[in-house]
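Structural characterization, general
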Amino acid sequence: MFFLYWVLLSTSAYGEKISYPVQRIRAAGIDAIQVIGVKGRLKFIGKQSPHFRLNVRHTKNKRSQDWYLSVDRRGSTLVLEVFNVAHGAQWRNHVKKDVWPEFDLELSGPPRPLTVSWREGDLRFEKWTAPVESSHLKGRLEARGGAGNWRLQTGKGDVKIENLAGHLDLQGESGQLVINGLKGDLQLRWMEGKIELNDIAGSGTVENHKADLRLNTCRKEWRISQDGGSARVQNCSGILRADGKNTKWEITGTTSLNAEIKSETGPVRVRWPKGGAKVFLTSQSGGILGDSIAPILDPEGRKVATFQIGKKPSGRLFVQTDSGDIQFRQ
């Protein structure tokens, strides 16, 4: 079965916001969804239903007579695409950005693997329990109660993800990022801003340039690499490997944490409030500070402090810096 229909923007819509009648699309036979456009708000709501419901609103368009939203079933894929009839497939190369249209789309129905290519505006996912792949340059991104393997690429804008069950691969340029309750592994690449990660059940890889990172309650194996900014890790178990240049590290150890921290010029502050651990601290030219810590010089002239806390240590801590200071306290 093949179907095609168009939402045409009337020229009388200039300067107004127009909502179009809700479209009902039969879900049977649709195995994937693709959305392509440039501006506006997108909202995807997962719910069990034999139909998809599509709400469309058009906003702030200067040359509305040339713009269409096509809704097209191509094989087993439902495709929603914004395009310009005057310029065809090359409209992005010929039409100035300030006259690109804005579409607000809300699609609800049974979750299917979803691919989104969007330029500016807010993206929101609610209970979308199927894989998602999105490319998004500017605007806020929110997801709540989803599942599946998600791959998200965003530019400038805040991101908030809550209670996602599955693998998350996220790449962003700048903004505030908050992830709460991820039941799966995380692969994160972020340039700058603030990052807050809370209660991550799986392993994680974090790469960032100069963000301020807060990692609370993590398990399994984690790798963190960043050039500047700061990083605070607490209430984590498993394995932690962290590498930084001019990063300010603050680590709170736990009984079952095995941590390896390497820093060039950035300082490393460690607090180990409970549980035993074997500790090895070394610095080329930085200081090693702490109560009852008396570092010695090794044959290569580096400061070294090795000791054990607790009678039965189960944790392990290794810290190495070039010129950054190391501070250890219980």
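Residues numbered from 1 in each chain as written. Predicted model: local features only at pLDDT ≥ 70, side-chain atom pairs only at ≥ 80, totals over all residues. Heavy atoms only, no water.

1. So, the environment of Phe52
Within the secondary structure, Phe52 is located in strand 6 (residues 51–59). Residue classification places Phe52 among the buried residues on the basis of a relative accessible area of 0%. When the C-alpha positions of Phe52 and Pro110 are compared, they lie 7.1 Å apart, and in sequence the two are 58 residues distant. Dropping the residues within four chain positions of it, Phe52 is found in contact with Gln23, Arg24, Ile25, Ala27, Ile30, Ile33, Leu78, Leu107, Ser108, Gly109, Pro110 and Arg112. (Helix = DSSP H or I, 4+ residues; strand = E, 2+ residues; numbered from the N terminus. Buried < 20%, exposed > 50% of the residue type's maximum accessible area, 1.4 Å probe, protein only. Contact = heavy atoms within 4.5 Å.)

2. Focus on the nonpolar core
The biggest cluster of nonpolar side chains holds 77 residues, and the ones touching the most others in it are Val35, Phe125, Leu168, Leu170, Ile179, Leu197 and Leu281. Among the elements that line this core, the one with the most residues is strand 17 (residues 186–200), at 6 residues. (Core = buried A, V, L, I, M, F, W, Y, C linked by side-chain atoms within 4.5 Å.)

3. Considering the side chain of Ser134
You can see Ser134 is positioned in strand 12 (residues 132–138). For Ser134, a relative accessible area of 4% corresponds to the buried category.

4. Some remarks on the state of the cysteines
Each disulfide consists of one covalent bond between the sulfur atoms belonging to two cysteines. The tally for this structure, following the rule as stated, stands at 1 disulfide. Here Cys218 connects covalently by a disulfide to Cys236, the sulfurs 2.0 Å from one another. One disulfide, between Cys218 and Cys236, carries an S-S torsion of 125° and so falls in the right-handed class. Of this pair, Cys218 sits in strand 19 (residues 212–218) while Cys236 sits in strand 21 (residues 230–236); the two residues are 18 residues apart in sequence, bridging distant segments of the chain. For Cys218, a relative accessible area of 4% corresponds to the buried category. (Disulfide = S-S within 2.5 Å.)

5. Re the packing of aromatic side chains
Two measures describe an aromatic ring pair: the distance that separates the ring centres and the angle between the ring planes. One pass over the structure, following the stated rule, counts 5 aromatic pairs. Between the aromatic rings of Phe44 and Phe125, the centroid separation amounts to 5.4 Å while the plane-to-plane angle is 15°, which identifies the pairing as stacked. Of this pair, Phe44 sits in strand 5 (residues 42–46) while Phe125 sits in strand 11 (residues 123–126); the two residues are 81 residues apart in sequence, bridging distant segments of the chain. With a relative accessible area of 1%, Phe125 lands in the buried category. With a centroid separation of 6.0 Å and 65° between ring planes, the pair formed by Phe44 and Trp128 is classed as edge-to-face. One end of the pair, Phe44, is in strand 5; the other, Trp128, is in the loop between strand 11 and strand 12, with 84 residues separating them in the sequence. An aromatic cluster of at least three residues, connected via ring pairs, comprises Phe44, Phe125, Trp128 and Trp150. (Phe/Tyr/Trp six-rings, centres within 6.5 Å; stacked < 30°, edge-to-face > 60°.)

6. Points about a negative patch on the surface
A grouping of Asp227, Asp243, Glu264 and Asp322 is seen on the molecular surface, where their side chains present a negatively charged patch. Within the secondary structure layout, Asp322 lies in the loop between strand 30 (315–321) and strand 31 (326–329). Residue class for Asp322 comes out partly exposed when judged on its relative accessible area of 40%. (Patch = residues over 30% accessible without salt bridge, like charges linked within 9 Å, V, L, I, M, F, W, Y side chains within 5 Å. Areas by Shrake-Rupley, 256 points an atom, 1.4 Å probe, with all protein chains shown as cover. Salt bridge = Lys/Arg side-chain N within 4 Å of Asp/Glu carboxyl O. Lys, Arg positive; Asp, Glu negative; His and termini not counted. Charge placed at Lys NZ, Arg CZ, Asp CG, Glu CD.)

7. Notes on unusual backbone geometry
Look at Asn163: it is not a glycine, yet its phi comes out positive at around 55°. Along the chain, Asn163 turns up in strand 15 (residues 159–165). Positive phi, normally seen in glycine, also occurs at Thr217, with a value near 65°. Overall, the relative accessible area of 23% leaves Thr217 in the partly exposed class.

8. Here we look at the pairing of strand 25 (residues 268–271)
Only one face of strand 25 is buried, namely the one carrying Val268 and Val270, since none of Arg269 and Arg271 on the opposite face is buried. In the sheet, strand 25 pairs with strand 31 via 4 bridges, with the strands oriented parallel. From the neighbouring strand, Arg271 faces strand 31, where its bridge partner is Arg329. (Pairing = 2+ DSSP bridges.)

9. Comments concerning the environment of Gly253
Topologically, Gly253 is positioned in the loop between strand 23 (248–252) and strand 24 (257–263). Assessed through its relative accessible area of 2%, Gly253 is described here as buried. Expressed as a C-alpha distance, the spacing of Gly253 and Gly276, which sit 23 residues apart in the sequence, is 9.9 Å. Among all residues touching Gly253, those that are not within four sequence positions of it are Arg271, Trp272 and Pro273.

10. Description of the side chain of Thr154
Structurally, Thr154 can be placed in strand 14 (residues 150–156). On the basis of relative accessible area, Thr154 is assigned to the buried category, the value being 6%. Among the polar contacts made by the side chain of Thr154, one reaches the side chain of His136 at a distance of 3.4 Å. Aside from chain neighbours lying at most four places away, what touches Thr154 is His136, Gly139, Val159, Gln171, Gly172, Glu173 and Trp190. (Polar contact = N/O pair within 3.5 Å; in protein donor to acceptor, adjacent residues only side chain to side chain.)

11. Thoughts on the pattern of salt bridges
In the structure shown here, the tally under the stated rule is 20 salt bridges. Between Lys43 and Glu126 there is a salt bridge; the shortest N-O distance is 3.9 Å. One end of the pair, Lys43, is in strand 5; the other, Glu126, is in strand 11, with 83 residues separating them in the sequence. The exposure class assigned to Lys43 is partly exposed, which follows from its relative accessible area of 24%. With a shortest N-O distance of 3.1 Å, Arg219 and Asp199 are connected by a salt bridge. Pair noted here: Arg219 is in the loop between strand 19 and strand 20 (221–226) and Asp199 is in strand 17, with a separation of 20 residues, a long-range link. Judged by its relative accessible area of 32%, Arg219 is partly exposed. Through salt bridges with shared partners, one network takes in Lys43, Arg124, Glu126, Arg140, Glu142, Arg144, Asp158, Lys160 and Glu162.

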